[in-house]
There are 2 protein chains.
Amino acid sequence: MKKFRYLALEEQLRHKIKSQRFKEGEKIPSVRALCQHNELSKATVLHALQRLEAEGLIYAVPKSGYFVSQTLVQRNLPTKVTTPSTPTQVNVPELFRDIMSRSAAFDILPKEGAPHVTSHQKTLNRMINRAARARPEQKSNYYDEPKGQLPLREAIAELYRQRDTEILPESLCITAGCQHALFLSIMATCKTGDTVAVESPAFYGVLQQIEHLGLEVIEISSDPSTGLDLDELENKTKNWPIKACIVTPNFSTPTGSKMPPSAMQRLISLAQDKDFFIIEDDIYGELNFDNEPCLPIKAFDNCGRVILCGSFSKCLSRELRIGWVSTDRLQDKIVQLKLITQLASPQAAQGGLSEFILSGNFKRHTNQQRQRLKTQRDELLREIEKHWGKNCRFSYPNGGLSCWIELPQHIDTQRSYRQLLTKGIVLTPGPLFSANGLYKNHMRLSFSHPLTEHRRAALHVLFNTLLNQVV
Amino acid sequence: MKKFRYLALEEQLRHKIKSQRFKEGEKIPSVRALCQHNELSKATVLHALQRLEAEGLIYAVPKSGYFVSQTLVQRNLPTKVTTPSTPTQVNVPELFRDIMSRSAAFDILPKEGAPHVTSHQKTLNRMINRAARARPEQKSNYYDEPKGQLPLREAIAELYRQRDTEILPESLCITAGCQHALFLSIMATCKTGDTVAVESPAFYGVLQQIEHLGLEVIEISSDPSTGLDLDELENKTKNWPIKACIVTPNFSTPTGSKMPPSAMQRLISLAQDKDFFIIEDDIYGELNFDNEPCLPIKAFDNCGRVILCGSFSKCLSRELRIGWVSTDRLQDKIVQLKLITQLASPQAAQGGLSEFILSGNFKRHTNQQRQRLKTQRDELLREIEKHWGKNCRFSYPNGGLSCWIELPQHIDTQRSYRQLLTKGIVLTPGPLFSANGLYKNHMRLSFSHPLTEHRRAALHVLFNTLLNQVV
């Protein structure tokens with residue numbers, strides 16, 4: 001009975017919010033009033049309110065009550081930028097190495113520091129330590145098995161099962177993070193001089209790998225909401241045979257776009273038709289903000305065309321240095337390249353991680369983290385809309401860590417990089433995400449850290465510096 | 001005073017052993033007799049005996065006393081094998097991937113397992129765990145600095161200082177082990193189609209890297225005692241311009257050879273003269289069995305020609321996955337390649353390791369390990385000499401983990417690999433160490449694990465199988 005009572009209240013409040021009986025920013029009736037009016041216990045009312053809060057419809061203000069969340073309308077999305085029609089070599093400027101070398105690229109104010117770790121992350125540390133103490137002589141004297149530990153591969157397969165995706169543990173190879181996974185995948189599919197397609201804007205880490213491996217790259221426009229433009233990809237593959245298409249379908253950096261399942265299926269058909277591999281970067285796949293399962297392209301792979309890469313760095317800890325590649329067709333090649341590049345993975349981290357996942361701690365942690373990131377996204381986007389809504393356009397990511405800002409045409413984000421750095425502010429300029437120097441007037445902003453007072457101030461300095469650039 | 005008394009006894013006994021007054025295998029006078037005869041305390045006598053034991057001159061037999069060690073004479077060294085005069089492409093057979101994938105390559109009987117870890121290794125685990133608990137939010141949210149942690153780079157520099165070698169912490173870049181370090185170094189110096197020189201026999205890990213990177217390789221004979229044949233290298237570089245020479249000067253696998261300092265200096269002059277880089281694999285540098293400092297080639301590098309690679313995998317733990325590259329001239333390139341291939345190194349392992357080194361635990365651990373390995377080398381070589389001394393020749397390494405066995409010409413070690421594997425015995429056949437299929441009748445044996453009864457039995461099965469091959 002109790003179950004139905006909180007659900008009824010929840011439904012009633014949701015209806016009043018959606019129908020704007022309760023307006024954005026308005027305070028909803030107090031807990032006491034809701035108890036009295038609906039003849040419910042305090043626990044039942046609180047349960048309903050907390051569920052609405054988790055949904056993002058309301059938010060709590062300490063000592064004051066619950067308020068209706070403001071909903072951001074996706075009306076100021078960045079505009080489409082035309083990408084060059086021919087492949088090009090990548091030539092990463094020195095400045096970008098500097099930015100990349102600041103692990104801070106996701107934090108505009110690195111000196112501000114990170115929030116405390118969750119109790120789940122502490123649990124993970126304990127589990128890793130316990131794994132380190134188990135059979136230490138074996139770990140000291142023998143390298144890990146080439147593919148990585150089976151229990152961890154099984155645990156990763158289980159995480160994908162929860163995303164309605166079947167990945168066989170045998171198809172997985174543990175790597176030293178997603179960057180390593182992507183490097184192995186590109187090496188396994190391409191040789192010097194080959195051409196690869198990337199989203200535009202694209203992840204700079206991949207662009208630097210392409211540069212180093214001497215590949216040609218062709219940029220394919222990516223919509224800030226729906227990702228890769230498949231018409232453009234199809235057209236370009238008519239003229240330029242590509243060996244691989246590297247894509248982050250779920251919450252790609254910088255835009256945070258999410259590819260619809262129908263587009264994923266079309267991409268696989270195209271790969272089959274034009275004989276190329278899809279290298280899927282799934283590093284943000286666990287960081288979706290709605291409750292729908294977030295499918296990877298790999299879920300639709302019926303022909304072995306998708307090489308799935310992922311990592312625990314963004315959803316759990318950058319310290320772990322544990323990632324994975326899943327592929328059936330190229331598995332031998334991937335394992336061989338892993339042995340060649342770094343031989344083996346640490347066993348304690350793998351052991352601790354499998355326990356962490358199988359004990360349910362991973363899910364509990366990511367649920368918390370998604371909620372936190374969603375709140376931080378809202379804070380960041382509201383601040384931008386409030387102060388610079390008329391001066392810029394921005395993407396509205398439903399997951400991941402970052403959004404993409406388009407400033408007026410005459411602004412050159414790169415020009416202000418050094419100046420802002422002297423104030424401890426790290427700007428991530430648009431051209432970092434293009435092999436052709438596109439996106440001069442764009443930048444990435446991340447909501448991976450809380451918008452503290454200092455970060456808010458830094459954001460103001462950042463925008464003011466950019467918007468006041470002398471032409 | 002006491003100090004001089006034990007030294008006097010030690011000197012006296014050493015003299016009697018060296019002058020063969022005490023013969024090999026003979027029991028020396030009992031502790032009680034030595035006390036009475038020299039008017040010394042039991043503690044003083046035991047101290048002198050333990051020092052002679054550490055030196056390898058005598059060994060203890062429980063409840064029986066001390067005996068004079070048998071000295072192995074280096075009379076059965078493997079013979080020189082002629083290497084091809086032209087460069088070749090590497091084509092690693094499938095079988096070798098199988099061997100490499102058995103992390104067991106250093107253990108003929110992996111199911112036997114490893115001995116217990118030392119108390120020092122347990123201390124290391126505690127230190128890593130402590131480092132993991134310090135500022136965990138920083139580690140979870142930010143990647144490590146590109147070069148790796150400064151305290152660890154300083155600690156590594158200190159280890160080299162103890163080997164009379166100056167390495168600047170700024171010149172070091174932390175990697176995910178030595179394999180990763182070598183991969184970065186080869187990528188930083190060579191591009192597809194270039195030629196590199198390697199020792200012959202060579203480390204198979206490097207041969208596989210060369211194959212993958214599409215380089216040509218020229219094999220240079222390596223003497224089982226003194227390493228790289230510099231006359232041959234000089235001759236071959238007249239005809240074939242090389243970009244890099246990859247060499248393990250101290251206790252290279254498989255032979256265990258050690259390059260004399262004069263040869264190191266000559267190699268550097270040659271590199272300067274012929275414009276190539278020396279990629280030095282120093283992974284066994286801490287595992288020398290005599291008390292002299294064991295200089296790396298880098299100690300003589302006055303022109304930035306040497307790229308020094310190392311790791312803690314062999315001297316401390318294979319679980320750590322922490323190695324390093326030291327280079328001044330190519331530092332930027334190496335750091336960039338590290339970021340591209342795997343972004344960052346785990347910070348807790350680095351923090352724990354620096355503390356472990358600076359607290360003196362590393363030195364205490366390696367001292368113990370050297371002693372253990374030396375004893376195991378003696379056990380292995382004695383067993384070989386005793387049973388198959390007439391059938392084979394073998395190297396006599398003064399450090400490292402392995403020795404090199406030459407069997408009669410008609411034997412094909414590779415042929416028995418699968419057969420032995422069915423018995424759980426892992427043979428490491430000679431051709432694994434050559435790009436040209438040389439060393440058909442050779443194999444590597446490692447003394448990294450104690451010669452337990454089971455391993456001794458496995459050794460007998462191994463030799464009997466090989467020596468009884470039907471021609």
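Residues numbered from 1 in each chain as written. Chains lettered and ligands numbered in written order. Predicted model: local features only at pLDDT ≥ 70, side-chain atom pairs only at ≥ 80, totals over all residues. Heavy atoms only, no water.

As annotated in an unreviewed UniProt entry, chain A carries the name PLP-dependent aminotransferase family protein and comes from Rhodanobacter aciditrophus. What the UniProt record of chain A gives under Sequence similarities (unreviewed entry) is the line "In the C-terminal section; belongs to the class-I pyridoxal-phosphate-dependent aminotransferase family." (UniProt positions renumbered as here; feature names shortened; annotations may be inferred.)

S.K.: An account of the overall build of chain A is requested, with residue identities and associated values reported.
M.R.: Helices and strands together make up the secondary structure of chain A, namely 16 helices and 15 strands. Taken along its principal axes, the extent of the C-alpha atoms in chain A is 70 × 65 × 45 Å. Counting across all 471 residues of chain A, residues that qualify as buried make up 62%. Within chain A, counting contacts between residues at least 6 apart in sequence, those at least 24 apart form 76% of the total. Total accessible area on chain A is roughly 18800 Å²; 50% of this is exposed by carbon and sulfur atoms. Here chain A holds 60 positive side-chain charges and 49 negative ones, and the gap between their average locations is 6 Å. (Helix = DSSP H or I, 4+ residues; strand = E, 2+ residues; numbered from the N terminus. Buried < 20%, exposed > 50% of the residue type's maximum accessible area, 1.4 Å probe, protein only. Contact = heavy atoms within 4.5 Å. Areas by Shrake-Rupley, 256 points an atom, 1.4 Å probe, with all protein chains shown as cover. Lys, Arg positive; Asp, Glu negative; His and termini not counted. Charge placed at Lys NZ, Arg CZ, Asp CG, Glu CD.)

S.K.: Give a description of the pattern of salt bridges that names residues and reports values.
M.R.: With the rule as written, the count across this model stands at 40 salt bridges over all chains. A salt bridge links Arg-163 of chain A to Asp-282 of chain A; the shortest N-O distance between them is 2.9 Å. You can see Arg-163 of chain A sitting in the loop between α7 (150-161) and β4 (172-175) and its partner Asp-282 of chain A sitting in the loop between β9 (277-281) and β10 (306-311), a full 119 residues away along the chain. The same class applies to Arg-163 of chain A as to Asp-282 of chain A, namely buried. Note that Asp-107 of chain B and Arg-455 of chain B form a salt bridge whose closest N and O atoms lie 2.7 Å from each other. One end of the pair, Asp-107 of chain B, is in the loop between α4 (94-101) and α5 (119-133); the other, Arg-455 of chain B, is in helix α16 (residues 453-467), with 348 residues separating them in the sequence. Judged by relative accessible area, Asp-107 of chain B falls into the buried class, the value being 2%. (Salt bridge = Lys/Arg side-chain N within 4 Å of Asp/Glu carboxyl O.)

S.K.: Kindly report on the pairing of strand β10 (residues 306-311) of chain B, identifying the contributing residues and their values.
M.R.: In terms of burial, β10 of chain B is largely enclosed, as six of its six residues are buried. Taking every second residue as pointing to the same face, both faces of β10 of chain B are buried, with Val-306, Leu-308 and Gly-310 of chain B on one and Ile-307, Cys-309 and Ser-311 of chain B on the other.

S.K.: Lay out the interface of chain A and chain B with the relevant residues and their values.
M.R.: It is common to report an interface's size as the accessible area lost on association of the parts. Across the boundary between the two partners, chain A contributes 58 residues, which contact 56 residues of chain B. Counting each side, the surface lost to burial between chain A and chain B is near 5000 Å², with a carbon and sulfur contribution of 55%. Our count for the contact surface shared by chain A and chain B stands at zero salt bridges. Counting across the chain A and chain B interface gives 18 residue pairs in polar contact (both at pLDDT 80 or more). Counting residues per element, the ones that place at least two in the side of chain A that touches chain B are α4 (94-101), α5 (119-133), α6 (136-141), α8 (178-189), α9 (204-212), α12 (331-342) and α13 (347-358) of chain A. When grouped by side-chain class, the residues that make up the side of chain A that touches chain B number 22 nonpolar, 24 polar and 12 charged. (Buried area = accessible area lost by both parts, 1.4 Å probe. Polar contact = N/O pair within 3.5 Å; in protein donor to acceptor, adjacent residues only side chain to side chain. Nonpolar A, V, L, I, M, F, W, Y, C, P; charged D, E, K, R; others polar.)

S.K.: For empty space enclosed by the protein, give the residues involved together with the corresponding values.
M.R.: In total, this model carries 12 cavities of 30 Å³ or more according to the counting rule given. Within this model, the largest cavity holds a volume of roughly 660 Å³. Lining of the largest cavity is provided by 34 residues; of these, Ile-128 and Ala-348 of chain A together with Ile-128, Ala-348 and Ala-349 of chain B occupy positions nearest its centre. Within the residue set of the lining of the largest cavity, elements represented by two or more residues are α5, α6 and α13 of chain A together with α5, α6 (136-141) and α13 (347-358) of chain B. Grouping the amino acids of the lining of the largest cavity by side-chain chemistry returns 18 nonpolar, 10 polar and six charged. (1 Å grid on protein atoms, 1.4 Å probe; cavity = no way out; pocket = protein on both sides within 12 Å on 5 of 7 lines; lining within 4 Å. Points joined across faces, edges and corners; volume = space filled by probe spheres on them.)

S.K.: Which residues make up the layout of surface pockets, and what are the values?
M.R.: Counted as a void, the largest pocket has a volume near 690 Å³. Along its surface, the largest pocket is lined by 24 residues, and Thr-192 of chain A together with Thr-192, His-212, Leu-213 and Gly-214 of chain B are the ones closest to its centre. Broken down by secondary-structure element, the contributors of at least two residues to the lining of the largest pocket are α8 and α12 of chain A together with α8 (178-189) and α9 (204-212) of chain B.

S.K.: Account for the packing of α7 of chain A against α13 of chain A, naming residues and giving values.
M.R.: Residue and element names in this part refer to chain A. The interhelical angle for the contact between α7 and α13, taken along N-to-C directions, is 35°, at an axis separation of 8 Å. The way α7 lies across α13 gives a crossing that is left-handed. Of the residues in α13, those touching α7 at Pro-151, Leu-152, Ala-155 and Leu-159 are Gln-350, Leu-353, Ser-354, Ile-357 and Leu-358. For the contact of α7 with α13, the class distribution of residues is seven nonpolar, two polar and no charged. (Axes fitted to C-alpha atoms, helices over the stretch in contact; angles between N-to-C directions. Left-handed = near helix turned anticlockwise from the far one by under 90°.)

S.K.: Hey, could you go over the relation of the copies chain A and chain B for me, with residue numbers and the actual values?
M.R.: For the pair chain A and chain B, the best superposition has an RMSD of 0.2 Å and corresponds to a rotation of 180° with a translation of 0.1 Å parallel to the axis. With respect to symmetry, the two chain copies, as superposed, fit the operation of a two-fold axis. Closest approach to the rotation axis among the C-alpha atoms of chain A is made by Asn-129 of chain A, whose C-alpha sits 3.1 Å away. Both copies present the same face, since 97% of the interface residues in chain A are matched by interface residues at the equivalent positions in chain B. (Least-squares fit on C-alpha atoms with pLDDT ≥ 70 in both.)

S.K.: Residues and numbers for the side chain of His-365 of chain B, please.
M.R.: All names here are of chain B. Tracing the sequence through the fold places His-365 in helix α14 (residues 361-388). What makes His-365 buried here is its relative accessible area of 2%. Ignoring any residue separated from it by four or fewer positions in sequence, one finds His-365 in contact with Thr-118, His-120, Gln-121, Cys-315, Leu-316 and Phe-356.

S.K.: Let's hear about the environment of Tyr-142 of chain B: which residues, and what values?
M.R.: With respect to the secondary-structure elements, Tyr-142 of chain B resides in the loop between α6 and α7 (150-161). It is 9.9 Å that separates the C-alpha atoms of Tyr-142 of chain B and Ala-344 of chain B, two residues lying 202 residues apart in sequence.

S.K.: Describe the pairing of strand β8 (residues 244-247) of chain B, listing the residues and the values that go with them.
M.R.: All names here are of chain B. Going residue by residue along β8, you find Ala-244 and Ile-246 tucked away on one face and Cys-245 and Val-247 tucked away on the opposite face as well. As defined by bridge partners, strand β5 (residues 195-200) adjoins β8 across three bridges and the pair is classed as parallel. When the sheet's bridge partners are listed, Ala-197 is paired in β8 with Cys-245. Looking at chain direction, β8 and strand β9 (residues 277-281) are connected through four bridges and run parallel. Bridge assignment links Cys-245 to a residue of β9, and that residue is Ile-278. Remark: the β8/helix α11 (residues 261-274)/β9 crossover connection has right-handed handedness. (Pairing = 2+ DSSP bridges. Right-handed = clockwise from strand over helix to strand, strands pointing away.)

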